[in-house]
Amino acid sequence: MFPDTATNFLYDNEKLSDYGMVLCSFDSGGLETVSAGNSLTFGTVKTGSSDKSYFGTAGYEEPLSATFQICKYDYRYGNESISAEELTSLLRWLARRDGFHRFQLYQKGYEGVYFYGSFNDIKLLKLGGVLYGLELTLVTDSPYGYENISFDLTARASVGSSVFCLSNETGYIYPKVFTCKCLETGNLRLHNSVEDRVTEIKNCVKGEIISLDGNRKIIESSSVTHKLYNDFNYNFFRLGSRYDDNLNIITASLPCEIHIEYESIRKVGLG
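Figured I'd write up the structure that's included with this text. (Residues numbered from 1 in each chain as written. Predicted model: local features only at pLDDT ≥ 70, side-chain atom pairs only at ≥ 80, totals over all residues. Heavy atoms only, no water.)

1. Looking at the pattern of salt bridges
Line of reasoning, step 1. Following the criterion strictly, the structure yields 12 salt bridges and no others.
Line of reasoning, step 2. For Arg 96, the salt bridge identified is with Asp 98, shortest N-O distance 3.1 Å.
Line of reasoning, step 3. Note on Asp 98: relative accessible area 47%, which makes it partly exposed.
Line of reasoning, step 4. As a salt-bridge pair, Glu 195 and Arg 238 come within 2.8 Å of each other at their nearest N and O atoms. Of this pair, Glu 195 sits in the loop between β15 (186–192) and β16 (197–204) while Arg 238 sits in the loop between α2 (228–231) and β19 (239–241), and the two are 43 residues apart along the sequence.
Line of reasoning, step 5. On the basis of relative accessible area, Arg 238 is assigned to the buried category, the value being 12%.
Line of reasoning, step 6. Each member of the salt-bridge network shares a partner with another, and the members are Asp 12, Arg 96 and Asp 98. (Salt bridge = Lys/Arg side-chain N within 4 Å of Asp/Glu carboxyl O. Buried < 20%, exposed > 50% of the residue type's maximum accessible area, 1.4 Å probe, protein only. Helix = DSSP H or I, 4+ residues; strand = E, 2+ residues; numbered from the N terminus.)

Printed below as a string of structure tokens:
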């Protein structure tokens, strides 16, 4: 069970509590305003002398960011000062230049939700020259969070497999992991009903495992003799989600076993 108020977080596979620290607030009162990360920027056009603006495009202008305060806290003795050695360990962990890392708040409502981010601003919080806490500003890679979804299915031509694309955003998502084991020899055609989209790989053999990475546009096979560059139509498999329909019905020309893992978009605030 996650607590109602976060006191801990995970960053790059390490917990704040591993350093003897907790999330806290050094401010005494007042409401906190937190961005929900859904500020859209609209591209519009006007025609002639009309005052009416017509919709053109829409996109998220800024990624999510949030500021946290942390302190050293012992549940027997209360707040304690932070030593120079402890500060060095914290900065080595948090003040990084090696890219975005997975971040997760341990708080009710955030179960399974994570972000990718990096701390771009760290301030020392001192009282009487003694260090008692840090203020951290996290900048993420996107205007929303993620949730990992994985499942297995057996696809056939006669009976479609129903899969809901569990995303808070419309559009499509390429799975980060997609493998398909062919149970018969022949030409494999995977059809997804949402976009009427077909992924085709010809000349598959029984027992062959096809791996697709639509984000990096990579296709691989367990069969070293399969000339995929000749037999693939380069429509990488993806899951679709429309405002009124997120049910993906998947059918296959050959019976096959499919494993899918994808990052579902979760529109939640941070902080």
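2. Regarding the environment of Ser 17
Line of reasoning, step 1. Following the sequence through the fold, Ser 17 ends up in the loop between β2 (14–15) and β3 (21–24).
Line of reasoning, step 2. Judged by relative accessible area, Ser 17 falls into the partly exposed class, the value being 38%.

3. Observations regarding the nonpolar core
Line of reasoning, step 1. In this structure, Leu 188 and Ile 258 are the most contacted members of the largest nonpolar core, which totals 30 residues.
Line of reasoning, step 2. Elements supplying a minimum of two residues to this core: β11 (145–155), β14 (177–182), β15, β16, β17 (209–213), β20 (247–252) and β21 (256–266).
Line of reasoning, step 3. Look past the residues within four positions of Leu 188 in its chain and what remains in contact with it is Cys 180, Cys 182, Thr 199, Glu 200, Ile 201, Cys 204, Ala 252, Ser 253, Leu 254 and Cys 256.
Line of reasoning, step 4. By size, the runner-up hydrophobic cluster in this structure holds 27 residues, among which are Leu 64, Ile 70, Val 113 and Phe 115. (Core = buried A, V, L, I, M, F, W, Y, C linked by side-chain atoms within 4.5 Å. Contact = heavy atoms within 4.5 Å.)

4. Digging into unusual backbone geometry
Line of reasoning, step 1. A positive phi angle, close to 50 degrees, is found at Asp 12, a residue other than glycine.
Line of reasoning, step 2. Here Asp 12 is to be found in the loop between β1 (9–11) and β2.
Line of reasoning, step 3. A residue is classified by how much of its surface remains accessible, and Asp 12, at 24% relative accessible area, is partly exposed.
Line of reasoning, step 4. At Asn 13, a residue that is not glycine, the phi angle is positive and equals roughly 70 degrees.
Line of reasoning, step 5. When its relative accessible area of 72% is taken as the criterion, Asn 13 is described as exposed.

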